[in-house]
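# Structure at a glance
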Amino acid sequence: MKKEEARKIIRQNLASFLKKDEASKIICQKIKDMDLQFKSIFLYKALFSEVNVDELIDLYKDNHTVYLPKVKGDDMVLIKVDCDTKYEIGPFNILEPIGDEISPSDAQIDVCITPLLGFDENLNRIGKGKGYYDKFFSKCKCKKIGVAFETQKIDNVEMDTHDVPLDLIITEDRIYANNCR
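This next bit is on the overall build of the protein chain. Each helix and strand counted, the protein chain has four helices and twelve strands in total. In summary, the protein chain has a C-alpha radius of gyration of 15 Å against a globular reference of 16 Å for 181 residues, a match within 12%. Counting only C-alpha atoms and orienting by the principal axes, one finds that the protein chain spans roughly 40 × 35 × 35 Å. Restricting to contacts in the protein chain with at least 6 residues of sequence separation, those with at least 24 account for 68%. A total accessible area of about 9500 Å² is found for the protein chain, and carbon and sulfur atoms account for 46% of it. Here the protein chain contributes 28 positive and 32 negative side-chain charges, whose respective centroids are spaced 2 Å apart.

Here you go:
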């Protein structure tokens with residue numbers, strides 16, 4: 001299935017999925033239960049259709065280095081956040097942190113929790129189409145964990161040469177992993 005067709009189907013599925021808050025809490029709890037060993041983590045502020053990971057930001061920002069993205073043209077930069085961080089609405093109506101901008105290639109990130117629009121069991125992801133996270137992954141080596149609702153799963157994601165597969169995908173129903181990676 002072509003990516004644009006898949007995006008349309010997934011968006012329809014998401015529009016009728018009414019348990020986003022409940023599913024987000026389950027997904028966040030699964031991440032906490034994994035007992036990930038890390039010093040720094042890259043998270044995000046969610047759109048309405050994405051898994052809300054605010055509780056992870058709140059949990060980790062006191063004892064770990066937490067970064068959030070900020071869109072700069074065709075790329076993302078990272079902003080280190082803490083309890084004093086202020087936010088502003090960014091280009092895609094997403095809350096973005098205000099602070100010193102760090103290039104992904106200059107950051108030491110252990111784990112990235114990434115949103116996605118769709119995925120398959122082979123840990124391939126479909127984003128919104130701008131390639132922000134694929135560019136980020138090409139500059140920053142870290143454990144890549146996708147978070148999504150089970151309704152976002154499709155049979156097969158059409159991969160392009162620049163697409164980067166994930167290490168894990170966590171939904172409210174299960175954890176997808178490929179032991180060969």
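This is not the end of the story, as more comes after the structure.
Judged by nonpolar contacts, the single largest core of 53 residues is most densely connected at L43, I113 and F136. Discounting chain neighbours no more than four positions away, the residues touching L43 are V53, L56, I57, Y60, V66, Y67, L68, P69 and I113.

This part covers the pattern of salt bridges. Across all of its chains, the model carries twelve salt bridges by this definition. Here K2 makes a salt bridge to E158, at a shortest N to O gap of 3.4 Å. Taken together, the residues K2 in the segment before helix 1 (3-15) and E158 in the loop between strand 10 (143-147) and strand 11 (168-170) connect sequence positions 156 residues apart. When its relative accessible area of 55% is taken as the criterion, K2 is described as exposed. For the salt bridge of E121 with R174, the shortest nitrogen-to-oxygen distance reads 3.8 Å. Of this pair, E121 sits in the loop between strand 8 (118-119) and strand 9 (125-126) while R174 sits in the loop between strand 11 and strand 12 (175-177), placing them 53 residues apart in sequence. It is possible to trace a salt-bridge network through shared partners that takes in E121, K153 and R174.

Assignment of secondary structure puts R7 in helix 1. Overall, the relative accessible area of 7% leaves R7 in the buried class.

Further remarks concern the state of the cysteines. Applying the stated criterion to the full structure yields zero disulfides. In this model C112 remains outside any disulfide bridge; the closest cysteine sulfur is found in C142, 5.0 Å from its own. Note on C112: relative accessible area 0%, which makes it buried.

Rules used throughout
- Residues numbered from 1 in each chain as written.
- Predicted model: local features only at pLDDT ≥ 70, side-chain atom pairs only at ≥ 80, totals over all residues.
- Heavy atoms only, no water.
- Helix = DSSP H or I, 4+ residues; strand = E, 2+ residues; numbered from the N terminus.
- Rg over C-alpha atoms; globule rule 2.2 N^0.38 Å.
- Contact = heavy atoms within 4.5 Å.
- Areas by Shrake-Rupley, 256 points an atom, 1.4 Å probe, with all protein chains shown as cover.
- Lys, Arg positive; Asp, Glu negative; His and termini not counted.
- Charge placed at Lys NZ, Arg CZ, Asp CG, Glu CD.
- Core = buried A, V, L, I, M, F, W, Y, C linked by side-chain atoms within 4.5 Å.
- Buried < 20%, exposed > 50% of the residue type's maximum accessible area, 1.4 Å probe, protein only.
- Salt bridge = Lys/Arg side-chain N within 4 Å of Asp/Glu carboxyl O.
- Disulfide = S-S within 2.5 Å.

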